[in-house]
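Breakdown of the fold
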Amino acid sequence: MHTITLIPGDGIGPEVTAAVLRIFKAAGLDIEWERYEAGLIAFERYKRSLPVELLDSIRRNKVALKGPLTTPIAEGITSVNVGLRKALELYANLRPVRNLAGVESRFTGVDLIIVRENTEDLYSGLEHEVVPGVVESLKIITERASTRIAEFAFAYAKAHGRARVTAIHKANIMKLGDGLFLESARKVSREHTDVSYDERIVDALCMQLVMAPETFDVLLLPNLYGDIVSDLCAGLVGGLGVVPGANLGGDCAVFEAVHGSAPDIANKNLANPTALLLSALMMLDHLGEREAAARIRAALDEVLVAGAIRTRDLGGTASTTEFTDAVCRAVEGSG
Ligand code: ATP
């Protein structure tokens, strides 16, 4: 039995987390979920967007599954997603981007791993108005965080049989900040000569990704470029509805999809739960539940390949519930 913290989130979060919980139940997984609100809902109820009890629960359980949380634009509330990553020192954001069987997309053969630094860069939230009409946003890059994420990328590459790590930067312009990120990556690369290493300037990377994404392997990026390039890469393989992610630290792991709360389709039973389901399967692997993860993965593939039942983002007409029903049936059929 596993005890896992669950943050349903807001927007489409509650719908996609409910779908994952049903599929896990169909697979017969024995999990006790500790459910917590966060973000705007928690703020309205408890006057705290990141309740202490929630953080304590994750620290205790070491693992959480999280739905998206809305980050209000320019309203003075700092991002709960960023707060959570900082509070738990979840310094690595891992996002595997692969073609899914049965999901048509612009490219085939895409199989790349995004390793995004998760704790600093422009996400430090340090901004101030110097004089009226002039704002300064601080981009923080440290040797410690840059080295730590580079070590993570190389360790991941080795553990998963990956051949190459590509560090992404704009050090031609930000010579000190991105320069330090790059120099840290170079240093770490010299300790791992069995994995090849190269570099790309972020704008050139974007062009190459939309021309030949299959040529990339592990991408190592500072926080902001990692955020932007993640959505670009999601677009290469079928969109935000199909790309999973994990936030990993020394101690805890929080699994969540790349997509946000998608308010345009919230509460309409339209969201694709695949991205969160794949994140949850990464979580099962992390917990050593490999057999169950593989069984659910096979059921998901079966439904996607059959193609009759798919959500609107993938060109189908099925609701979240109908798609979830189909995956549950496939899981039960495989048992
Ligand atoms: P955030 O700022 O919170 O990261 P975002 O601006 O990246 O959010 P998302 O909420 O991630 O935006 O989604 C952008 C659009 O992609 C949504 O408006 C929605 O139409 C589509 N989308 C995202 N996730 C899904 C999903 N799981 N299923 C179907 N469509 C989705």
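Owing to the predicted nature of the structure, the values given are computational and were not obtained by experimental measurement. Position numbers for residues start from 1 in each chain and track the written sequence from start to end. Given that the model is predicted, a residue must reach a pLDDT of at least 70 before its local features are reported, and side-chain atom pairs must reach 80 or more before they are shown or counted; all residues, however, enter totals for whole chains, interfaces and linings. Excluded from the side-chain calculations are hydrogens and water; all other atoms, namely the structure's heavy atoms, are used.

A few points about the overall build of the protein
To keep it simple, the criterion reads: Helix numbers and strand numbers start at the N terminus; a helix is a DSSP run of H or I with at least 4 residues, a strand a run of E with at least 2. Every radius of gyration here is taken over C-alpha atoms, with the globule rule written as 2.2 Å times N^0.38, N being the number of residues. Only protein chains enter the calculation, and the probe is 1.4 Å; a residue is then buried if its accessible area is under 20% of its type maximum, exposed if over 50%, and partly exposed in between. In this description, contact between two residues means that some pair of their heavy atoms is separated by no more than 4.5 Å. Reported accessibility uses the Shrake-Rupley method at a 1.4 Å probe radius. Residues are deemed covered only where the shown protein chains occlude them. Only four residue types enter the tally: Lys and Arg on the positive side, Asp and Glu on the negative side, with His and both chain ends excluded. Charge coordinates come from a single atom per side chain, which is NZ of Lys, CZ of Arg, CG of Asp or CD of Glu.
Secondary structure summary: the protein contains eleven helices and twelve strands in total. Taking 335 residues into account, the globule formula puts the C-alpha radius of gyration at 20 Å, and the protein, at 20 Å, falls close to it. Seen along its three principal axes, the alpha-carbon backbone of the protein occupies a region of about 55 × 45 × 35 Å. Within the protein, the proportion of its 335 residues that are buried is 54%. Long-range pairs, those at least 24 residues apart, make up 73% of the contacts in the protein with a sequence separation of at least 6. Of the roughly 14,600 Å² of accessible surface on the protein, a fraction of 55% belongs to carbon and sulfur atoms. The distance from the centre of the 35 positive side-chain charges to the centre of the 44 negative ones in the protein is 1 Å.

Some points on the site of the ligand
For the record, the criterion: Definition of nearness: a residue and a molecule or strand are near each other if at least one heavy atom of the residue lies within 4 Å of the molecule or strand. We define a polar contact as two N or O atoms separated by no more than 3.5 Å, with the added condition that, inside protein, one atom must be a possible hydrogen donor and the other a possible acceptor, whereas residues neighbouring each other in sequence contribute only through side-chain atom pairs.
In the neighbourhood of the ligand, 13 residues make up the surrounding shell, with His 259, Gly 260, Ala 262, Asp 264 and Asn 272 lying closest. Within the backbone of Gly 260, a nitrogen or oxygen atom sits 2.4 Å from an oxygen atom of the ligand. Separating an oxygen atom of the ligand from a side-chain N or O atom of Asp 264 is a distance of 2.6 Å. Computed on the free molecule, the ligand has an accessible area of 620 Å², of which 64% lies beneath the protein chains in the complex.

Remarks on helix α9 (residues 274-286)
Short version of the rule: Here a helix's expected span is defined as the number of its residues, less one, multiplied by 1.5 Å.
With 13 residues, α9 should reach 18 Å at 1.5 Å per residue; the first-to-last C-alpha distance of 18 Å fits that figure. With respect to burial, α9 is a largely interior element, eleven of its 13 residues being buried. Buried within α9 are the following residues: Thr 274, Ala 275, Leu 276, Leu 277, Leu 278, Ser 279, Ala 280, Leu 281, Met 282, Met 283 and Leu 284. Where α9 terminates, the next one or two residues include Gly 288, which has phi positive at roughly 85°.

Section: the packing of α9 against helix α10 (residues 290-306)
Here is the rule we go by: Axis definition: a line fitted to C-alpha atoms, over the contacting stretch in the case of helices. Angles run 0 to 180 degrees between N-to-C directions. For this classification, under 35 degrees means roughly parallel, over 145 means roughly antiparallel, 65 to 115 means roughly perpendicular, and everything else is oblique. For any helix crossing, the convention is left-handed if the near helix is rotated counterclockwise from the far helix by under a right angle, and right-handed if that rotation is clockwise. Asp, Glu, Lys and Arg are counted as charged, while Ala, Val, Leu, Ile, Met, Phe, Trp, Tyr, Cys and Pro are counted as nonpolar; the rest, among them Gly, fall into the polar class.
Between α9 and α10, whose axes approach to 8 Å, the crossing angle comes to 160°. As the angle between them shows, α9 and α10 are arranged roughly antiparallel. Both α9 and α10 take part in a crossing whose hand is left-handed. Contacts from Thr 274, Leu 277, Leu 278, Leu 281, Leu 284 and Asp 285 of α9 reach α10 at Arg 290, Ala 292, Ala 293, Ile 296, Arg 297 and Leu 300. The residue makeup of the contact of α9 with α10, split by class, is eight nonpolar, one polar and three charged.

Overview of the domain arrangement of the protein
This is how it is decided: Each domain's extent is set by a domain assignment, obtained either automatically or from a database. The term buried area refers to how much accessible surface (probe radius 1.4 Å) is lost by two components on association, counted for both of them together. Take a side-chain nitrogen of Lys or Arg and a carboxyl oxygen of Asp or Glu: if they are within 4 Å of each other, that pair is a salt bridge.
Entries for the protein in the domain assignment read domain 1 (1-93 + 238-335) and domain 2 (106-236). The C-alpha centroid of domain 2 is placed 25 Å from the C-alpha centroid of domain 1. Taken together, the contact pairs 15 residues of domain 1 with 17 residues of domain 2. Of the roughly 1,300 Å² buried at the junction of domain 1 and domain 2 (both faces included), carbon and sulfur atoms supply 53%. For the domain 1 face of the interface with domain 2, the top three residues by lost area are Lys 86, Tyr 91 and Asn 93, together amounting to 44%. Linking domain 1 with domain 2 are two salt bridges, by the criterion used here. With a closest N to O distance of 3.9 Å, Arg 144 and Glu 89 form a salt bridge.

A closer look at the pattern of salt bridges
Tallied over the full model, the rule gives 27 salt bridges. Note that Glu 143 and Lys 187 form a salt bridge whose closest N and O atoms lie 3.4 Å from each other. Placement of the pair is Glu 143 in helix α5 (residues 143-159) and Lys 187 in helix α6 (residues 177-190), with a sequence separation of 44 residues. By relative accessible area, Glu 143 is classed as partly exposed at 44%.

What to know about unusual backbone geometry
Of note, Lys 62 is a non-glycine position whose phi angle comes to about 70°, a positive value. With respect to the element layout, Lys 62 can be found in the loop between α3 (52-61) and β3 (63-66). A positive phi angle, close to 60°, is found at Asn 269, a residue other than glycine. Along the chain, the position of Asn 269 falls in the loop between β12 (253-255) and α9.

Points about the pairing of strand β4 (residues 92-98)
Remember that side chains alternate between the two faces of the sheet whenever the strand is regular. Put simply, the rule reads: For two strands to count as paired, DSSP must find a minimum of two bridges between them.
Taking burial as the measure, the seven residues of β4 include six buried ones, the bulk of the element. Here β4 pairs with strand β5 (residues 111-117) via seven bridges, running antiparallel. Within β5, the residue paired with Val 97 across the bridge is Leu 112. Bridge count between β4 and strand β11 (residues 246-248): three bridges; the pairing is antiparallel. Across the sheet, the residue bridging to Asn 93 is Asn 247, located in β11.

Some remarks on the sheet that holds strand β9 (residues 196-201)
Strand order in the open sheet formed by ten strands is β2-β1-β3-β12-β11-β4-β5-β10-β8-β9, with mixed pairing between adjacent strands. In this open sheet, the two edge strands, each paired with only one partner strand, are β2 (31-35) and β9. Averaged over neighbouring strand pairs, the angle between their axes works out to 25° when direction is ignored. The strands touched by α3 within the sheet are β1 (2-7), β2, β3 and β12, with β1 carrying the most contacts at an inclination of about 150°. Of the strands in this sheet, β4, β5, β8 (164-169) and β10 (218-221) touch helix α8 (residues 223-236), which is tilted by about 155° from β5.

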